[in-house]
Amino acid sequence: MEPLELARRSEVARRQNDLRETRNFSRRIPDSEGEAVSTLADGVAAAYSVQDMSEAVTPPQLQNTEAELIAVRREKLAKLRALGIDPYGARFQVSTTPAELHAGFSEGRQVKVAGRITVFREFGKSCFFELADVHGKIQGYMNTKALDEAGLAAWKCLDRGDWIGIEGETFLTKTGEPTVKMEQFTVLSKSLRPMPDKYHGVSDREIKYRKRHLDLMGNPESAALFVKRSQMIAEIRRFLQDRGFLEVETPMLQDIAGGAAARPFETYHNALGMPLTLRIAPELFLKRLLVGGFTKIFELNRSFRNEGISRRHNPEFTMLEAYWAFSDFEEMADLVEELTCHLAEKFCGGLQIQHQDEDGNVTRNIDLSRPWKRAGYHELIAAAAGADFFELDAAGRRTRCEEMGIQLSADMADHEVIQQAFEKLVEEKTFDPCFVTRVSSELVPLAKLSPGGRTVEVYELIINGQEISPGYSELNDPDVQRERLEAQSGEETQKVDYDFIETLEHGMPPAGGIGIGLDRLCMMLTGAPTIRDVVLFPLLKRKD
């Protein structure tokens, strides 16, 4: 929708709301003000002078082009400077925040608080407004009697979207709304472009992802989601540190992309004269630290994979990897189950996670109640694809998959065909937590073999139809590791890191390891429909 049309709709909606609120205005003003409310109401209605506000009457100021709308704000910017006011002010010492003030509200407090003006409604000589940031908002009240001539002139230069700091005393309106009666204000930043519509926010997903600042301004629910994500990550750190894990950092630039089967982004280091890649996983460097003597470590890392983009995949993503010496995949599964349930109880109010559509209708309920299901990889596939699936030969399995509508490419090996069956028939249809254990050994070259050698000691945690976390009993035999990496290196996705194998020859203790895709975990816990809704700045193709 064009900015001008958004502005027009916003103005009509504002006028409708102003007329409604004018009827109740006398209940909101402090008794001490003694305003002539009936006269004020008449003035507001006369100023609008429309018979039916549902009929869009475009006022003259909204007939301007977008450039002219910005020009009006620039005129106000110039007026502020002419008044000797810096429209992009400096430090403002606050005593509280809008959210803190609202949550712990008491009357009669002298406070200093700052925020963006998100609601700005004038009633003659009085004005109600709201100051907000991503954490919350607080209502402010201003009467022109509180300002001198210069202050009033500056006040008239303000718009929705401007940042200001105010000083004043707290009180409750007659409707019980926590409010600050402003005594003086400081301009902190003049906005030259209008905010999104305060009633409808930013509904266009393309705009939400490309201009996240507008999404955060106009959609409080988006701001709350990203605040919650940040708090979750901080809680993950505390959870692991309380259990003796140390946080470490490993290289993002690597000469060999290891730790996963994925295509890396490639770059070149001019000073060293060597090609490098952005890491696809931190695993091999974290295992080097196990060899060096660290026994409980984790890294909250950004990793990069030069592959497809979908509702579940972003080229750069946030991942937790943790390693626990003398442990195994079973104990790591217990740790992940405990961590996820802890986050759900702390941030989601319990272990029943509801996903809703845009109209608030519940579309799915995910039950995180413990203990979580654990089942074998091959058993789950056989239950979905037929009890005889693994009795068929490779050609028979391929035929069975094609009959069930599973798309396969001609060059897929048998273990890849089986994995496709798992993803389509099991993973995508599993919504409550399930640890899928002991997958095919060809899929995970960095994990210990199970007795018999057909599978490896791993789990894949599936929730909400997608993998949330893999966990391994880590392979620490350097000779077996060399064989398996060399067998995999025929694929274009990975080269053999012989330096890592040499490191293993110094001895790595038995260990359990996990990876958790934090973007997907956040999607599951918050009900976000796509990964782009939980990544502040998802990668998008340029429009030019």
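Calculation criteria
Residues numbered from 1 in each chain as written. Predicted model: local features only at pLDDT ≥ 70, side-chain atom pairs only at ≥ 80, totals over all residues. Heavy atoms only, no water. Helix = DSSP H or I, 4+ residues; strand = E, 2+ residues; numbered from the N terminus. Buried < 20%, exposed > 50% of the residue type's maximum accessible area, 1.4 Å probe, protein only. Contact = heavy atoms within 4.5 Å. Areas by Shrake-Rupley, 256 points an atom, 1.4 Å probe, with all protein chains shown as cover. Salt bridge = Lys/Arg side-chain N within 4 Å of Asp/Glu carboxyl O. Patch = residues over 30% accessible without salt bridge, like charges linked within 9 Å, V, L, I, M, F, W, Y side chains within 5 Å. Lys, Arg positive; Asp, Glu negative; His and termini not counted. Charge placed at Lys NZ, Arg CZ, Asp CG, Glu CD. Pairing = 2+ DSSP bridges. Axes fitted to C-alpha atoms, helices over the stretch in contact; angles between N-to-C directions. Polar contact = N/O pair within 3.5 Å; in protein donor to acceptor, adjacent residues only side chain to side chain. Expected span 1.5 Å × (residues − 1). Arc of directions from axis to C-beta. Phe/Tyr/Trp six-rings, centres within 6.5 Å; stacked < 30°, edge-to-face > 60°. Lys NZ or Arg CZ within 6 Å of the ring centre and 35° of its normal.

Asks: Which residues make up the overall build of the protein chain, and what are the values?
Replies: Counting its secondary structure elements, the protein chain contains 16 helices and 18 strands. Here the protein chain, with 544 residues, has 49% of them falling under the buried criterion. In the protein chain, 65% of the contacts between residues at least 6 apart in sequence involve partners at least 24 apart. As displayed, the protein chain has an accessible area near 26,700 Å², and 50% of this comes from carbon and sulfur atoms.

Asks: So what about helix α11 (residues 377-385)? Which residues, and what values?
Replies: All buried positions along α11 are accounted for by Y377, H378, L380, I381, A382 and A385. A positive phi of about 120° marks G386, the residue just after α11.

Asks: An account of the pattern of salt bridges is requested, with residue identities and associated values reported.
Replies: All chains considered together, the criterion is met by 26 salt bridges. Between R279 and E299 there is a salt bridge, with the nearest N and O atoms lying 3.2 Å from each other. Residue R279 is located in the loop between β9 (274-278) and α9 (283-292), and its partner E299 is located in strand β10 (residues 296-304); the two are separated by 20 residues in the primary sequence. For E299, a relative accessible area of 3% corresponds to the buried category. The salt bridge involving R374 is made with E337; its shortest N-O contact spans 3.8 Å. Of this pair, R374 sits in strand β14 (residues 373-376) while E337 sits in helix α10 (residues 329-347); the two residues are 37 residues apart in sequence, bridging distant segments of the chain. Beyond isolated ion pairs, a larger network of salt bridges with shared partners links E330, D334, E337, R370 and R374.

Asks: So what about a negative patch on the surface? Which residues, and what values?
Replies: On the surface, a cluster of negative charge is contributed by D477, D479, E483 and E486. With respect to the helices and strands, the residue E483 is situated in helix α14 (residues 478-488).

Asks: Explain the pairing of strand β18 (residues 511-517) to me, using residue names and the numbers behind them.
Replies: Across the seven residues of β18, seven count as buried, placing the element largely inside the fold. Sheet topology places strand β11 (residues 316-325) next to β18; seven bridges connect them, and they run antiparallel. Considered in β18, the bridge of L320 is made with I516. In this sheet, β18 lies alongside strand β17 (residues 466-473) in antiparallel orientation, the contact comprising three bridges. The partner of S473 across the bridge, within β18, is G512.

Asks: Explain the sheet that holds strand β2 (residues 126-133) to me, and be specific about the residues and the numbers.
Replies: Here we have five strands rolled up into a closed barrel, ordered β1-β2-β3-β5-β4, and mixed in their pairing. For this sheet, the mean angle separating the axes of adjacent strands, direction not counted, is 55°. Where strand β1 (residues 110-123) meets strand β4 (residues 163-172), seven bridges bridge the pair, whose relative direction is antiparallel. In the strand pairing of β4, K112 is matched with E167.

Asks: So what about the environment of R288? Which residues, and what values?
Replies: You can see R288 is positioned in helix α9. Overall, the relative accessible area of 15% leaves R288 in the buried class. Linking R288 and G507, residues 219 residues apart in sequence, is a C-alpha distance of 9.8 Å. In terms of polar contacts, R288 uses its side chain to reach the side chain of D499, at 2.9 Å.

Asks: Which residues make up the environment of I236, and what are the values?
Replies: Positionally, I236 belongs in helix α8 (residues 220-242). In this structure I236 comes out as buried when scored by relative accessible area, which is 2%. In this structure the C-alpha to C-alpha distance between I236 and T340, which are 104 residues apart in sequence, comes to 9.2 Å. Discounting chain neighbours no more than four positions away, the residues touching I236 are L300, L320, L339, L343 and L518.

Asks: Tell me about the side chain of D162, and please be specific about residues and values.
Replies: One can find D162 in the loop between α5 (149-155) and β4. Among the polar contacts listed, one links the side chain of D162 to the backbone nitrogen of D159, at a separation of 2.8 Å. Residues within four places of D162 in sequence aside, it is in contact with R73, G115, R116, I117, C157, S189, K190 and S191.

Asks: Tell me about helix α3 (residues 66-82), residues and numbers included.
Replies: Taking 1.5 Å per residue, 17 residues should reach 24 Å; α3 reaches 25 Å between its end C-alpha atoms and fits that length. Where α3 is concerned, the buried positions are L69, I70, R73, K76, L77 and L80. Looking down the long axis of α3, one finds its buried residues gathered within 110° of arc, a one-sided arrangement. Exposed residues lying more than 90 degrees from the buried face of α3 are A67 and A82. Taken from the residues just after α3, G84 is the one with a positive phi, measuring 80°.

Asks: Describe in detail the environment of P194, supporting the description with residues and values.
Replies: Examined against the element boundaries, P194 turns out to sit in the loop between β5 (178-189) and α6 (205-210). You can call P194 partly exposed: its relative accessible area is 46%. Note: C-alpha distance between P194 and E66 (128 residues apart in sequence) is 9.7 Å.

Asks: For the packing of aromatic side chains, give the residues involved together with the corresponding values.
Replies: The final tally for this structure, using the stated rule, is 10 aromatic pairs. Ring geometry for Y141 versus F171: centroids 6.3 Å apart, planes at 85°, classification edge-to-face. Placement of the pair is Y141 in strand β3 (residues 136-143) and F171 in strand β4, with a sequence separation of 30 residues. Here F171 falls in the buried class, since its relative accessible area comes to 11%. Every member of this aromatic cluster is reached through a ring pair, and the members are F120, F129, W155 and F185. Above the face of the F285 ring, R288 is positioned so that its terminal group lies 4.6 Å from the ring centre.

Asks: If you had to explain the sheet that holds β11 to someone new, which residues and values would you point to?
Replies: Spatially, β6-β10-β11-β18-β17-β16-β15-β14 is the arrangement adopted by the eight strands of the open sheet, whose pairing is mixed. Of all strands in the sheet, those with a lone pairing partner are β6 (246-247) and β14, marking the two edges. Against the sheet, α9 makes contact with β10, β11, β17 and β18, and its axis sits at roughly 25° relative to β11, the strand it touches most. Sheet strands in contact with α11 are β14 and β15 (434-437), and its direction is about 85° off that of β14.

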